[in-house]
Structure formats: structure tokens, C-alpha cells
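Structural overview for review
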Amino acid sequence: MPLPIYFAPLEGVTDAPFRRVHSAMFTGVDKYFIPFISPTQNLIMTSRELHAVAPEHNAGVRAIPQVLTKEAEHFLWAARTLYDMGYGEVNLNLGCPSGTVTAKGKGSGMLTNLPHLEAFLDEIYAHAPMPISIKTRIGFTSPDEFDALLALLARYPVHELIIHPRTRVQFYKGRPHMPSYAKAHEACTRPLVYNGDLFSAGDCEALAAQYPRTKALMLGRGLIANPALARRLAGGPDVTADELRSYHDALLEAYLARYPKNVALGRMIGIMNHLSCCFESPEKPRKAVRKARTLEAYQDAAAALFARCALRENPCFIPE
Ligand SMILES: Cc1cc2nc3c(=O)[nH]c(=O)nc-3n(C[C@H](O)[C@H](O)[C@H](O)COP(=O)(O)O)c2cc1C
């Protein structure tokens, strides 16, 4: 029985138009995590955040909202607001490595102050109206921090514990630290979800075989590059070049309906950077995609990629 597959949240990529188009065209994803909203003392959502979580913009998608804050009161306000919108689960971000976020002690910055994290978790688990899952790194500067973090998290009814086994200082570089994941796999009594560098069906199958108590897999870049990866893992067909073309065109249409042209262009360049990994020798058209400053130049470059490059045998994300 293949494991459930979760689409990782990627701020600036997996927004509402992306989630709608992907879920309409490809099966196999059980949950789509919404990139974080970040409530502040005003206790209002920005229009961008409201658009991201509004149920009408997530119609037909099993979407899970994520909250980034270090204030329990702000978390609880967001959780109650999301609950009233109809959400049945909320995710806490303990992983964001961005300097502007960690400087405020949020995201993976929360891993540097475990007494504060403990007081925060006491409050939110006592008062949230719905189950709370957590997405975390294994520490701020060193995997040695993970034991204390795991012991702390073990005290709460964490709905699902999603582990990205890198430290904050690694950002997305280097390899995931698998001894840390092995520790969690050994010790954790809560449902455990693995995230990090699963780019092919083989990667996912190997992880599930080596860590059989893993309850689900969360995929980000691998699913952006090969949008049919979850379907393939569920026993469905591989992606085809025609499908990728239709998917690309549907995304562009959805972005143009939501954003000004220059924003839609930026979004498409980001997506194409990933999708192009699925093709043989994509370097030349990929370079033209990256250099495109107008929608017209972009469309010419994308058309060249689809026309000239064949699909690779094992289409999957390749880190640069
Ligand atoms: C551009 C970018 C934006 C991201 N935004 C978020 C976010 O909003 N919330 C979050 O928990 N993780 C975020 N992440 C981390 C991803 O969810 C995921 O953990 C990471 O890409 C590793 O998984 P992968 O190897 O399957 O891509 C982001 C990562 C990137 C590269």
C-alpha cells in the first residue's frame, strides 16, 4: 500500500492557482499544505493571506493552512479564524530558515529557545479548536540539538510530525541528516511524516522501505518538477510530454487570471526551472526561459523547450 503523499508548501510557488490546477490535472496528492500565513498583533489577515486560505480559492483541494508565529495568542487567533472558515487541521511552521523570519525568533528561530517553545506549545495545544501538526527542522545550528527538541515535542498531542532533517544553517543545501530522522523513527510515538530531497519514485520507495513507521511523505521540488510523481507512486501512469504542455498552459492561464503579467511571468519562470528537469538536454531553452523579460519571450522559450527536447526516461527534479 503506497504511503499518502503531501504537497509541501513553497511560498511563491504552491499558491492557490497552482494548487487548483495541479489537483484538477493530477491525482495522488492527499494534502496540499498552504505556504505560511504570519499573523501579527493587528490580528488581521493581509489580502494575500486571505486569498491563500479562502475556501473558495481552494475548492476541490484538500488544503491545510500553515501558521508562522512565536506568539501563542496570534497562533490561536489564526487557528480559530481558520477553524471558522471550515479547516479541520492547522500546521505550525518550525522550519522556515529565512533570515528575516529567524531574526524575529520565528520559524526555525523558535528552535533556539526551547523554554519559549515549550510555553508556546503548552498554550496552543491547550486552547486550539482543532488538531495541530508541526513541520520542523532538526535544529538551528547542529543536529545535536535534535534530542532535546524531540523530547519536548513528545509531550504534546502532535497531530502529525513532519520532519525536514536539515538544520537551519543548511537552508536547503547538503544532504538531509538521516541519523536524526532514524532517531525520530525510533522514538516518536506520533504519526511521522518525512520531508526532504525525495525527487523520484525510487527515492520515495527506498525511504518508505527503510523507515516503515513513516506515515506519509511530503514532497516539494520533486512534485513541482514532475507533477505526476504522486500519481505514479499510487500505481498510475508516468507523465507524458503532452500532459506537461497542457499543465504548463493551464498554469499560465490561471496565473494571468490572478496576477499582473510581470508576476505571472516570474511564477512561470520558477515553475519552468523545475519542469525543464524532466527533459533531455534542456540547457539552451532553459537559459532563454530564465532570461525572458516579457511574456512573449517566455512563451517562445517554453515552446522551444517542448518542441525540441524529449522527455527523459525517469523525469525528476535535479538539483543544480
Ligand atoms: C522557495 C521556497 C519556499 C518555501 N516555503 C515554505 C513555507 O511557506 N512553509 C514551509 O513549511 N516550508 C517552506 N519551504 C520548504 C518546503 O516546504 C520543503 O520543506 C523543502 O522544499 C524541502 O522539501 P523537498 O526536498 O521535497 O523540496 C519552502 C522552500 C522553498 C525552496
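What you see is a predicted model, and the numbers here were worked out from it, not measured in a lab. (Residues numbered from 1 in each chain as written. Predicted model: local features only at pLDDT ≥ 70, side-chain atom pairs only at ≥ 80, totals over all residues. Heavy atoms only, no water.)

With a phi angle near 50 degrees, L43 is a residue other than glycine that sits in the positive phi range. Relative to the helices and strands, L43 resides in the loop between β2 (31-33) and α2 (47-53). Positive phi, normally seen in glycine, also occurs at F171, with a value near 50 degrees. Structurally, F171 is set in the loop between β7 (161-163) and α7 (178-187). (Helix = DSSP H or I, 4+ residues; strand = E, 2+ residues; numbered from the N terminus.)

Looking at the ligand, there are 18 residues lining it, with P9, Q66, N195, D197 and R221 nearest. Contacts to the ligand include K135, whose side-chain N or O atom sits 2.9 Å from an oxygen atom. Taking G220, its main chain carries an N or O atom lying 2.8 Å from an oxygen atom of the ligand. When the free accessible area of the ligand is taken as 620 Å², the share hidden by the protein chains comes to 86%. (Near = heavy atom within 4 Å. Polar contact = N/O pair within 3.5 Å; in protein donor to acceptor, adjacent residues only side chain to side chain. Areas by Shrake-Rupley, 256 points an atom, 1.4 Å probe, with all protein chains shown as cover.)

So, on to the domain arrangement of the protein chain. Domain boundaries in the protein chain define domain 1 (5-233) and domain 2 (241-308). Here the C-alpha centroids of domain 1 and domain 2 sit 28 Å apart. Summing both partners gives a buried area of about 1400 Å² for domain 1 against domain 2, and 68% of it is carried by carbon and sulfur. Its salt-bridge partner being D15, residue R267 comes within 3.0 Å of it at the nearest N-O pair. Where domain 1 touches domain 2, the interface holds 5 residue pairs in polar contact (both at pLDDT 80 or more). Every element with two or more residues in the side of domain 1 that touches domain 2 is listed here: α1 (16-25) and α9 (221-225). The element that contributes the greatest number of residues to the side of domain 1 that touches domain 2 is α1, accounting for 5 residues. Split into classes, the residues belonging to the side of domain 1 that touches domain 2 amount to 9 nonpolar, 4 polar and 3 charged. (Domains from an automatic or database assignment. Buried area = accessible area lost by both parts, 1.4 Å probe. Salt bridge = Lys/Arg side-chain N within 4 Å of Asp/Glu carboxyl O. Nonpolar A, V, L, I, M, F, W, Y, C, P; charged D, E, K, R; others polar.)

A separate point is helix α5 (residues 114-127). A rise of 1.5 Å per residue sets the reference length of α5, with its 14 residues, at 20 Å; its end C-alpha atoms lie 20 Å apart and thus fit the reference within 8%. Considered for burial, the residues of α5 that qualify are L117, F120, L121, I124 and Y125. Down the axis of α5, the smallest arc covering the buried residues is 115 degrees, so these residues share one side. What points out from α5, more than 90 degrees from its buried face, is the exposed set P115 and A126. Next to the buried residues of α5 lie α3 (72-85), β5 (90-94), β6 (132-136) and α6 (146-153). For α5, the side-chain oxygen to backbone nitrogen distance between the N-cap and H116 is 3.1 Å, and the N-cap itself is N113. (Expected span 1.5 Å × (residues − 1). Buried < 20%, exposed > 50% of the residue type's maximum accessible area, 1.4 Å probe, protein only. Arc of directions from axis to C-beta. Contact = heavy atoms within 4.5 Å.)

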